[in-house]
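Below are the chains, spelled out letter by letter.
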Number of protein chains: 2
Amino acid sequence: MHFSKHDIEQMPSRYRAHFINSLSGYKSANLVGTADHQGRYNLAIVSSVVHLGAQPPLVGMIMRPDVVERHTLANIRETGWYTLNQVHQSFWQQAHQTSAKYPAGESEFSATGLTAEFIGDCPAPSVAESQLCYSVKLLSEQPIEYNGTIMLIGEIEQVVLKQPALFEDGHIDLNSLQTVAVAGLDGYHVGHALGRLHYAQPDSEPTVLEAKCKGD
Amino acid sequence: MHFSKHDIEQMPSRYRAHFINSLSGYKSANLVGTADHQGRYNLAIVSSVVHLGAQPPLVGMIMRPDVVERHTLANIRETGWYTLNQVHQSFWQQAHQTSAKYPAGESEFSATGLTAEFIGDCPAPSVAESQLCYSVKLLSEQPIEYNGTIMLIGEIEQVVLKQPALFEDGHIDLNSLQTVAVAGLDGYHVGHALGRLHYAQPDSEPTVLEAKCKGD
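Just so you know, these numbers come straight off a predicted model, no measurement behind them.

Looking at the pairing of strand β13 (residues 187–196) of chain A
Here comes step 1: Summarising burial for β13(A): 7 of the 10 residues are buried, a large majority.
Here comes step 2: As paired elements, strand β12 (residues 180–183) of chain A and β13(A) share 4 bridges and run antiparallel to each other. Counterpart to V182(A) in the pairing with β13(A) is Y188(A).
Here comes step 3: The turn joining β12(A) and β13(A), which pair antiparallel and follow one another in sequence, is formed by 3 residues; a positive phi near 60° is taken by G184(A).
Here comes step 4: Alignment of β13(A) against strand β13 (residues 187–196) of chain B, held across 9 bridges, turns out to be antiparallel. Within the sheet, the bridge partner assigned to H192(A) lies in β13(B) and is V190(B).

Following this line, the structure appears as structure tokens:
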């Protein structure tokens, strides 16, 4: 099946949103925790977190200022902090439910039954049920031309890993954490491991990397 | 386990790369196809493709100008075009192998045994083995402050879907395509579906969405 630019333009708006959101492939599922200056908490699911670099440890996140995420964005601007919390199989439906438009003043934590906890001095709440979460300090926001979205650039501050999923080389086993991936707008998945591969060399075939979890 | 900012700074460089790359969650696995003006083809695996918006259909991609991806970036600047090709289970090891530093003049297509084909007028090659691929026209590049990376913003031009994986609402079933997701630097996975959920409403519980493939 071929879809031309014209075909895509002619798709109904919601159909096109499903279609185009499927093209990039599997996306990460994360909950963004924020607070305002009054200590009111907000929690929103995002599929737009992207690794930017390890040194310094930076993470990017695309936000749409005009939709439900606007409270998240306002809170991040107010305090300069947020948390990112990987979504796991045990609470994927609650995570999705945070995207409902709750009335002002109702926190997505209480509405969905997720639990707020804190990482170090970060004023933004993290999700107690998340097995891998971290605090992030806002460094800057860059407007994306053409569609009014914004990329937030944040520095990773403090990381909390609640299960023995750390390999001896620094890799974290998302499979054993039952971390969730999103396809399109609303399709949730867990991973099934094919394997890890050694750093590729031009003069040799791909070879499987066997690494151990710390403590194994 | 808690990791402070200081702990992260003290990690050896490669260990930190594995660790920080694992934090964002599952990432999409895509091959970027490009050509230079002499018609020499380049193919590179990337895990940094991010959905930017459906109207207009935009896709973002983070590039590191100082590593192997530099040929890809040079080609995109030269022609203004690239293709994005989802990686599937049948060729995940070949896809990884494109990250090897092949000598100048050796195409990753012939080196890894993947096949070049073309989408419409796009001069950049796509991957015949990919079941979901599309041509992209470069709109702009935005430098990311702080670490010298660049975000390429591209407009999706023409989409090719080679299997009956399109749902009646526009969603594409990445499971049936055996699309691959990446964890960290080198961990490859296929998805196992938990389900799709209806658009969340504040006054109702999450409910599973049953959609059919076109033609079912």
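Describing the sheet that holds strand β12 (residues 180–183) of chain B
Here comes step 1: Sheet architecture is open: 6 strands sit in the order β2(A)-β12(A)-β13(A)-β13(B)-β12(B)-β2(B), paired in antiparallel fashion. At either margin of the open sheet sits one strand with a lone partner, and together these are β2 (27–28) of chain A together with β2 (27–28) of chain B.
Here comes step 2: Both β2(B) and β12(B) contribute to a ladder of 2 bridges, which runs antiparallel. Residue K27(B) lies in a different strand from β12(B), and its bridge partner there is V182(B).

Observations regarding the interface of chain A and chain B
It is common to give the size of an interface as the accessible area that goes away when the parts come together.
Here comes step 1: The partner chain B presents 103 residues to the 104 residues of chain A that form the contact.
Here comes step 2: Roughly 9,400 Å² is buried in total at the junction of chain A and chain B, and carbon and sulfur atoms are behind 59% of that figure.
Here comes step 3: Scanning the region where chain A abuts chain B turns up 6 salt bridges.
Here comes step 4: Between the two partners, chain A and chain B, sit 56 residue pairs in polar contact (both at pLDDT 80 or more).
Here comes step 5: The dominant element in the side of chain A that touches chain B, judged by the number of residues it contributes, is helix α2 (residues 13–23) of chain A, at 11 residues.
Here comes step 6: Classifying every residue of the side of chain A that touches chain B gives 51 nonpolar, 38 polar and 15 charged.

Looking at empty space enclosed by the protein
Here comes step 1: One pass over the structure, following the stated rule, counts 3 cavities of 30 Å³ or more.
Here comes step 2: What the largest cavity holds in volume is close to 130 Å³.
Here comes step 3: Forming the walls of the largest cavity are 18 residues, and the residues nearest its centre are S28(A), V49(A), K27(B), S28(B) and V49(B).
Here comes step 4: If you list the elements that add at least two residues to the lining of the largest cavity, you get β2 and β5 (49–54) of chain A together with β2 and β5 (49–54) of chain B.
Here comes step 5: Its residues assigned to classes, the lining of the largest cavity shows 6 nonpolar, 10 polar and 2 charged.
Here comes step 6: Considering only enclosed or pocket space, the second largest cavity measures out at about 40 Å³ in volume.
Here comes step 7: If you go around the second largest cavity, the residues you meet are Y26(A), A181(A), H189(A), V190(A), G191(A), Y26(B), A181(B), H189(B), V190(B) and G191(B).
Here comes step 8: Among the secondary structure elements, those contributing two or more residues to the lining of the second largest cavity are β13 of chain A together with β13 of chain B.
Here comes step 9: Broken down by class, the residue content of the lining of the second largest cavity amounts to 6 nonpolar, 4 polar and no charged.

Regarding α2(A)
For an α-helix, the turn length of 3.6 residues means that residues three or four places apart are oriented alike.
Residues and elements named next belong to chain A.
Here comes step 1: With respect to burial, α2 is a largely interior element, 9 of its 11 residues being buried.
Here comes step 2: Here α2 has its buried residues at Y15, R16, A17, H18, F19, I20, N21, S22 and L23.
Here comes step 3: Where α2 terminates, the next one or two residues include G25, which has phi positive at roughly 95°.

Points about the relation of the copies chain A and chain B
Here comes step 1: Expressed as a screw transformation, the operator carrying chain A onto chain B has a rotation angle of 180° and an axial translation of 0.0 Å, and the superposed copies differ by an RMSD of 0.0 Å. The transformation relating the two chain copies, once decomposed into turn and shift, fits a two-fold axis. Closest approach to the rotation axis within chain A is made by the C-alpha atom of G191(A), at a distance of 2.4 Å.
Here comes step 2: Counting the interface residues of chain A, we find that 99% of their copies in chain B are interface residues as well, pointing to one common contact surface.

Re the pattern of salt bridges
Side chains bearing opposite charge may pair, as long as their charged atoms lie close to each other.
Here comes step 1: The tally for this structure, following the rule as stated, stands at 14 salt bridges over all chains.
Here comes step 2: Here E117(A) and K162(A) are joined by a salt bridge, their closest N and O atoms 2.9 Å apart. In this pair, E117(A) is assigned in strand β8 (residues 116–117) and K162(A) in the loop between β11 (150–161) and β12, connecting sequence segments 45 residues apart.
Here comes step 3: According to the relative accessible area criterion, E117(A) is partly exposed, its value standing at 29%.
Here comes step 4: A relative accessible area of 30% means that K162(A) is categorised as partly exposed.
Here comes step 5: With its nearest N and O atoms 2.8 Å apart, the salt bridge here joins R196(B) to D169(B). Here D169(B) lies in the loop between β11 (150–161) and β12 and R196(B) lies in strand β13, a separation of 27 residues in the sequence. One exposure class covers both R196(B) and D169(B), and it is buried.

Rules used in this analysis
Residues numbered from 1 in each chain as written. Chains lettered and ligands numbered in written order. Predicted model: local features only at pLDDT ≥ 70, side-chain atom pairs only at ≥ 80, totals over all residues. Heavy atoms only, no water. Buried < 20%, exposed > 50% of the residue type's maximum accessible area, 1.4 Å probe, protein only. Helix = DSSP H or I, 4+ residues; strand = E, 2+ residues; numbered from the N terminus. Pairing = 2+ DSSP bridges. Contact = heavy atoms within 4.5 Å. Buried area = accessible area lost by both parts, 1.4 Å probe. Salt bridge = Lys/Arg side-chain N within 4 Å of Asp/Glu carboxyl O. Polar contact = N/O pair within 3.5 Å; in protein donor to acceptor, adjacent residues only side chain to side chain. Nonpolar A, V, L, I, M, F, W, Y, C, P; charged D, E, K, R; others polar. 1 Å grid on protein atoms, 1.4 Å probe; cavity = no way out; pocket = protein on both sides within 12 Å on 5 of 7 lines; lining within 4 Å. Points joined across faces, edges and corners; volume = space filled by probe spheres on them. Least-squares fit on C-alpha atoms with pLDDT ≥ 70 in both.

Taken by themselves, the reported measurements are silent on function.
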